[in-house]
Amino acid sequence: MKTYCIFAKPDDSAATSAVFVPDGFCWAGFALTGLWALWNRMWIVAALVIAVMLLAGLLSAELQFAVSLGLSLVLGVFASELRHWSLARRGFAEIGTSHGDTAEEAELRFYAQSSPRALRIPKLAQVTAMDHEPLGLFGAKS
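Since the structure is predicted, the reported quantities are computational estimates derived from the model, not experimental observations.

K.L.:
Any details on the pairing of strand S1 (residues 2-8)? Residues and values, ideally.
P.N.:
Most of S1 sits out of view: five of its seven residues are buried. Where S1 lies against strand S3 (residues 93-100), seven bridges are found, and the strand directions are antiparallel. Within S3, the residue paired with Phe7 across the bridge is Glu94.

Written as structure tokens, this is what we have:
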């Protein structure tokens, strides 16, 4: 089971903009480095990764490989911390943690354990009996 840190905007009363960030090694960050950072809107991290890769292009082939592998390992290991930092810069705050095998399971557990009052989730309107049949498909009232 993975641990997920949950981030949301402070002004988002219903936590609809919540982002679930898994802890642990990130294989996508390791394999795709700069593309992964761009996909997660981590502009500063992506710019630094691309700059290091461009500078590594000036080195010999063996050093290029070593720098590329090292950068991939650093990004794979520290991916969650970099996402935490990037989300904090964008105004998100950590609102809790959750556990689950997938992000969906962690999300379900988090919202099931959180009280609606704590999240300030608005209640849905109660459905009342209709005074007419919808579209007249269910027979006339007697």
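K.L.:
Lay out the packing of aromatic side chains with the relevant residues and their values.
P.N.:
Applying the stated criterion across every chain yields a total of five aromatic pairs. Taking the centre distance of 5.9 Å and the plane angle of 90° together, the rings of Trp27 and Phe30 count as edge-to-face. Here Trp27 and its partner Phe30 are both found in helix H1 (residues 27-39), three residues apart, which amounts to about one turn of the helix. Accessibility expressed as a relative area gives 23% for Phe30, which makes it partly exposed. Three or more aromatic residues joined by ring pairs make a cluster, and in this case those are Phe20, Phe110 and Tyr111.

K.L.:
So what's going on with the sheet that holds S1? Residues and values would help.
P.N.:
Read from one edge to the other, the open sheet built from three strands follows the order S2-S1-S3, with strand pairing classed as antiparallel. Each of the sheet's edge strands pairs with one partner strand only, and the pair in question is strand S2 (19-22) and S3. When strand polarity is set aside, the average angle formed by the axes of neighbouring strands in this sheet is 30°. Running over the sheet, helix H4 (residues 79-89) touches S1 and S2 and is turned about 155° from S2.

K.L.:
Tell me what's going on with the nonpolar core, and back it up with residues and numbers.
P.N.:
Counting residues in each nonpolar core, the largest one holds ten residues, listed as Cys26, Trp36, Ala37, Met42, Val45, Ala46, Val49, Leu71, Leu75 and Ala79. Contributions of two or more residues to this core are made by H1, helix H2 (43-56) and helix H3 (61-77). Residues in contact with Ala37, not counting those within four places in the same chain, are Met42, Val45 and Ala46. Phe7, Val19, Val21 and Leu87 belong to the second-largest nonpolar core, a separate cluster that totals six residues.

K.L.:
Tell me about the pattern of salt bridges, and name the residues and values.
P.N.:
Across all of its chains, the model carries one salt bridge by this definition. Residues Glu105 and Arg109 are paired through a salt bridge, measuring 2.9 Å at the closest nitrogen-oxygen approach. Remark: Arg109 and Glu105 occur in helix H5 (residues 103-113); sequence separation between them is four residues, near one turn of the helix. Judged by its relative accessible area of 34%, Arg109 is partly exposed.

What counts and what doesn't
Every chain's residues receive numbers from 1 upward, in the order its sequence appears when written. Local features in this predicted model are restricted to residues whose pLDDT is 70 or higher, and side-chain atom pairs enter the listing and the counts only when it is 80 or higher, whereas totals over whole chains, interfaces and linings include all residues. Derived side-chain values reflect all non-hydrogen atoms in the structure, with water molecules and hydrogen atoms excluded from consideration. Accessibility here uses a 1.4 Å probe with only protein chains present; expressed as a share of the type maximum, an area under 20% marks a residue as buried, one over 50% as exposed, and anything in between as partly exposed. Secondary structure is summarised from DSSP: a helix means a run of H or I of at least four residues, a strand means a run of E of at least two, and numbering begins at the N terminus for each. Paired strands are those between which DSSP finds at least two bridges. For Phe, Tyr and Trp, where Trp contributes only its six-membered ring, two rings pair if their centres lie within 6.5 Å, and the inter-plane angle classes them as stacked under 30 degrees, edge-to-face over 60, or tilted in between. Whenever a helix is involved, its axis is fitted only over the stretch in contact; in every case the axis is a line through C-alpha atoms, and angles between N-to-C directions fall within 0 to 180 degrees. Any pair of residues with heavy atoms lying within 4.5 Å of one another is described as a contacting pair. Grouping buried Ala, Val, Leu, Ile, Met, Phe, Trp, Tyr and Cys residues that are joined through side-chain atoms within 4.5 Å yields what is termed a nonpolar core. Just to be clear on terms, a salt bridge is a Lys or Arg side-chain nitrogen sitting within 4 Å of an Asp or Glu carboxyl oxygen.

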